[in-house]
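Commentary on secondary and tertiary structure
Below, each chain spelled out in residue letters.
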Amino acid sequence: MSDLNRREMLGTLGTLAAASGWISLNANDTLAQEKKEAAAPAGGTDSKTKEYVLPPLPYPPDALEPHIDAQTMTLHHDKHHAAYVKGLNDALAKLAAARDAGATGPGMDQVRDLTDAVAFNGSGHTLHSVFWLNMKKGGGGEPKGAIAKQIETDFGGFDKFKAHFGNVAKKVQGSGWGILAWEPLASRMIVLGAEKHDNLTMFGCVPLLVLDVWEHAYYLKYQNNRGGYVDAWWNVVNWENVDSRLSAATKLTA
Ligand code: MN
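Residues numbered from 1 in each chain as written. Predicted model: local features only at pLDDT ≥ 70, side-chain atom pairs only at ≥ 80, totals over all residues. Heavy atoms only, no water.

Looking at the packing of aromatic side chains
How we decide: Centres within 6.5 Å make a pair out of two Phe, Tyr or Trp rings, where for Trp the six-membered ring is used; the pair is then stacked when the planes are under 30 degrees apart, edge-to-face when over 60, and tilted otherwise. Each helix corresponds to a stretch of at least 4 residues labelled H or I by DSSP, and each strand to a stretch of at least 2 residues labelled E; elements are numbered beginning at the N terminus. We call a residue buried when its accessible area falls under 20% of the maximum for its residue type, exposed when it is over 50%, and partly exposed in between, using a 1.4 Å probe and counting protein chains only. Whether a charge sits over a ring depends on NZ of Lys or CZ of Arg being within 6 Å of the ring centre and within 35 degrees of the ring normal.
Counting across every chain of the model gives 17 aromatic pairs. Geometrically, the ring pair formed by Tyr84 and Trp214 is edge-to-face, given 6.3 Å between the ring centres and 70 degrees between the ring planes. With Tyr84 in helix H3 (residues 70-101) and Trp214 in the loop between strand S3 (206-212) and helix H7 (219-222), this pair connects stretches of sequence that are 130 residues apart. Residue class for Tyr84 comes out buried when judged on its relative accessible area of 7%. Ring centres 6.3 Å apart and planes at 85 degrees place the aromatic pair Phe158 and Trp234 in the edge-to-face group. Residue Phe158 is located in helix H6 (residues 158-170), and its partner Trp234 is located in the loop between helix H8 (226-233) and helix H9 (239-249); the two are separated by 76 residues in the primary sequence. The class for Trp234 is buried, based on a relative accessible area of 7%. Through a chain of ring-to-ring contacts, the aromatic side chains of Phe155, Phe158, Phe161, Phe165, Trp233, Trp234 and Trp239 assemble into a single cluster. Lying over the aromatic face of Tyr222, Lys221 brings its terminal NZ or CZ to 5.8 Å of the ring centre.

Pasting the structure below:
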């Protein structure tokens, strides 16, 4: 795994661990130190301002053609993902201002909406940061190594998993995600179908492989045919990236 990918992955795991609250990294684990070193990954925050930053696409926007078109990738990354990063930073800044204004200040009237914005935009930022790295030019095929074994253990084989995950993604109501996640309480993987970015998820789960099924992810090329998009997406999955995420996630303890 490249240093960049590892740094981004660790940053994402750190974000999720912090967000879930009850996950702690083993202090003796090298992952904890590496997480510190990755305090300013492209997908995380700037270490000085603590502002979240938009990670660059790890490949040219046309790399996933013909399965995902370049215009969709450009708009999706440069506009949609960027908006989640901005929304997260804006909400956190307003919450900081509300704290500074005090318990009786006007900002406290806004904390409910601002906290909603943190959950929505923060989850959107995390999932998109994983999504880009879950794909590559010339991807697809069947997974190998530890991820393949874990899929066999938890889902009874790749074909069963693929049908399960694909149907979850196709049947998300409205906008959302298909998510293969590591669940650290039982040390197993589960499939989630999130609505928007943050509804119908399970705390503590670490996303390993995510599929964006918001219309902005496919409508230019596939129009209303979400199923065609989901079926084509398997051709760009970067299984090495998923395997790396599994390796890191299994070091987390609940
Ligand atoms: Mn999206």
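Focus on the environment of Ala249
With respect to the element layout, Ala249 can be found in helix H9. On the accessibility criterion, Ala249 (0% relative accessible area) is buried.

Observations concerning the nonpolar core
As a reminder of what qualifies: Within this scheme, the nonpolar core is defined by two criteria: the residues are buried Ala, Val, Leu, Ile, Met, Phe, Trp, Tyr or Cys, and they are joined through side-chain atoms within 4.5 Å. Here, two residues are considered to be in contact whenever any of their heavy atoms come within 4.5 Å of each other.
The biggest cluster of nonpolar side chains holds 53 residues, and the ones touching the most others in it are Met135, Phe161, Leu180, Tyr229, Trp233 and Trp239. If we ignore the near neighbours within four places in the chain, the residues touching Met135 are Tyr59, Leu64, Ile68, Met73, Trp233, Val236 and Asn238.

Things to note about unusual backbone geometry
Between Glu65 and Pro66 the backbone carries a cis peptide bond, its omega angle lying at 0 degrees. Checked against the element boundaries, Pro66 lands in the loop between helix H2 (30-37) and H3. Phi is positive for Leu200, which is not a glycine, with a value near 65 degrees. The exposed category is assigned to Leu200, whose relative accessible area is 54%. For Gln223, which is not a glycine, the phi torsion comes out positive at approximately 50 degrees. Residue position: Gln223 is located in the loop between H7 and H8.

A look at H8
Counting buried positions over the eight residues of H8 gives six, a clear majority of the element. Listed as buried for H8 are Arg226, Gly228, Tyr229, Val230, Ala232 and Trp233. Close packing links the buried residues of H8 with helix H4 (111-133), H6, S3 and H7.

Thoughts on the environment of Asp159
Relative to the helices and strands, Asp159 resides in helix H6. Each C-alpha atom of the pair Asp159 and Glu142 lies 9.3 Å from the other, and the pair is 17 residues apart in sequence.

Concerning the coordination of the manganese ion
A metal bound by six donors in octahedral fashion has ideal angles of 90 or 180 degrees, whereas one bound by four tetrahedral donors has an ideal angle of 109.5 degrees. As a reminder, the rule being used: Donor atoms: N, O and S within 2.8 Å of the metal, or within 3.2 Å for Na, K and Ca. Because water is excluded, sites can look incomplete.
Protein-derived ligands of the manganese ion are His76 (NE2), His128 (NE2), Asp212 (OD) and His216 (NE2), with the metal-ligand distances lying across 1.9 to 2.1 Å. Read from N- to C-terminus, the donor residues coordinating the manganese ion fall into the pattern H-x51-H-x83-D-x3-H. One end of the pair, His128, is in helix H4; the other, His216, is in the loop between S3 and H7, and 88 residues separate them in sequence. You'll find His128 and His216 in the same group, each marked buried.

Focus on the pattern of salt bridges
Any two side chains of opposite charge can pair, on the condition that their charged atoms come close. Note the following rule: Note on definitions: salt bridges are taken to be side-chain nitrogens of Lys or Arg within 4 Å of carboxyl oxygens of Asp or Glu.
By the definition in use, this model includes four salt bridges. Here Asp90 ties to Lys86 by a salt bridge, and the two come within 2.6 Å at their closest N and O atoms. You can see Asp90 and its partner Lys86 sitting in helix H3, four residues apart, about one turn around the helix. Among the residues examined, Asp90 registers a relative accessible area of 32% and is labelled partly exposed. Note on Lys86: relative accessible area 51%, which makes it exposed. Note that Glu240 and Lys136 form a salt bridge whose closest N and O atoms lie 3.1 Å from each other. In this pair, Glu240 sits in helix H9 while Lys136 sits in the loop between H4 and helix H5 (145-155), placing the two residues 104 residues apart along the sequence. Exposure remark for Glu240: the relative accessible area of 48% places this residue in the partly exposed category. Owing to a relative accessible area of 28%, Lys136 belongs among the partly exposed residues under this scheme.

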